[in-house]
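These are the residues of each chain, in order.
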Amino acid sequence: RGPKKKKKGAEPDGRMDAFRADWLQSSVGQSGSESGAVQPGEALLLDVPRGSEDSLERLLFAAALRCFVPPFFRGVPGGDSANEDPAYAYRMYLQLPMGLAKMKYELECRRWSQGPANRLRGKGLLFIPQTLPLSRLVMALRSVDTPKTLVDK
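What counts, and at which threshold
Residues numbered from 1 in each chain as written. Predicted model: local features only at pLDDT ≥ 70, side-chain atom pairs only at ≥ 80, totals over all residues. Heavy atoms only, no water. Helix = DSSP H or I, 4+ residues; strand = E, 2+ residues; numbered from the N terminus. Contact = heavy atoms within 4.5 Å. Areas by Shrake-Rupley, 256 points an atom, 1.4 Å probe, with all protein chains shown as cover. Phe/Tyr/Trp six-rings, centres within 6.5 Å; stacked < 30°, edge-to-face > 60°. Buried < 20%, exposed > 50% of the residue type's maximum accessible area, 1.4 Å probe, protein only. Axes fitted to C-alpha atoms, helices over the stretch in contact; angles between N-to-C directions. Parallel < 35°, antiparallel > 145°, perpendicular 65-115°, else oblique. Left-handed = near helix turned anticlockwise from the far one by under 90°. Nonpolar A, V, L, I, M, F, W, Y, C, P; charged D, E, K, R; others polar. 1 Å grid on protein atoms, 1.4 Å probe; cavity = no way out; pocket = protein on both sides within 12 Å on 5 of 7 lines; lining within 4 Å. Points joined across faces, edges and corners; volume = space filled by probe spheres on them.

A. The overall build of the chain, seen in detail. Looking only at helices and strands, the chain features eight helices and zero strands. Going from N to C terminus, the chain has its helices and strands arranged as α-α-α-α-α-α-α-α. Contacts in the chain between residues far apart in sequence, at least 24 positions, make up 55% of those at least 6 positions apart. Total accessible area on the chain is roughly 10000 Å²; 58% of this is exposed by carbon and sulfur atoms.

Quick look at the structure:
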């Protein structure tokens, strides 16, 4: 047996590097949930944990959480134009308690982003590095009829 290989981004004893641990701790401290756990959509590092080595499906879902305005959100009676604003919808999503409403929001985002993800998979594009540089990613997203707001995000 040879010496153990050092994991990428880890200290010799297997802990995360100091920067990443501090960042995650600060995210947990700012979390709006009672348990203190970071919820989906609150931290991009948790939504796309392997960064630029992750899957396109995770990247599209993380972007969808931040830019999608679900139909049930748009139809708020007496609502104003703020209901059409993706940033406002994302803030409202973050404030939702864990439960059916939040799950429904995530499900709608997943449905919205899954079509382009499936079409990219059909073209043999599964991971982010396959679509780098950024201009190639944008071109690939446009080629599979990805919604403009998702491409722009």
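Picking up where we left off.
B. Examining the packing of aromatic side chains more closely. Summed over the entire model, instances satisfying the criterion amount to three aromatic pairs. Taking 6.4 Å as the distance between ring centres and 25° as the angle between the ring planes, the aromatic pair formed by Tyr-90 and Tyr-93 counts as stacked. Taken together, the residues span about one helical turn, with Tyr-90 and Tyr-93 both in helix 5 (residues 86-95) at a distance of three residues. Comparing Tyr-90 with Tyr-93 shows no difference in burial state: the two are buried. When the centroid spacing of 4.7 Å and the interplanar angle of 25° are considered together, the rings of Tyr-93 and Tyr-105 count as stacked. Pair noted here: Tyr-93 is in helix 5 and Tyr-105 is in helix 6 (residues 100-122), with a separation of twelve residues, a long-range link. Considered together, Tyr-93 and Tyr-105 belong to a single accessibility category, that of buried residues.

C. View of the packing of helix 5 against helix 6. Taken N-terminus to C-terminus, the directions of helix 5 and helix 6 make an angle of 140°; their axes are 9 Å apart at the nearest point. The orientation of helix 5 with respect to helix 6, classified from their angle, is oblique. By crossing handedness, the relation of helix 5 to helix 6 is classed as left-handed. Contacts between helix 5 and helix 6 pair Ala-89, Tyr-90, Tyr-93 and Leu-94 from the former with Lys-102, Tyr-105 and Glu-106 from the latter. Classifying every residue of the contact of helix 5 with helix 6 by side-chain character gives five nonpolar, no polar and two charged.

D. Spotlight on the layout of surface pockets. Volume-wise, the largest pocket comes out at about 300 Å³. Elements supplying a minimum of two residues to the lining of the largest pocket: helix 3 (56-67), helix 7 (134-143) and helix 8 (148-152). Per-element accounting of the lining of the largest pocket gives the leading share, five residues, to helix 3.

E. Looking closely at the environment of Asn-118. Topologically, Asn-118 is positioned in helix 6. For Asn-118, a relative accessible area of 37% puts it in the partly exposed group. In sequence terms Asn-118 and Leu-56 are 62 residues apart; their C-alpha atoms lie 9.8 Å from each other.

F. Local environment of unusual backbone geometry. At the junction of Leu-132 and Pro-133, the peptide bond is cis and its omega measures out at 10° in the coordinates. In this fold, Pro-133 is placed in the loop between helix 6 and helix 7. A positive phi is found at Asp-145, a non-glycine position, where the angle reads about 55°. By secondary structure assignment, the location of Asp-145 is in the loop between helix 7 and helix 8.

G. Local environment of the environment of Leu-45. Secondary-structure assignment places Leu-45 in helix 2 (residues 44-47). For Leu-45, a relative accessible area of 26% gives the class partly exposed. Sequence separation between Leu-45 and Ala-62 is 17 residues, and the spatial gap between their C-alpha atoms is 9.9 Å.

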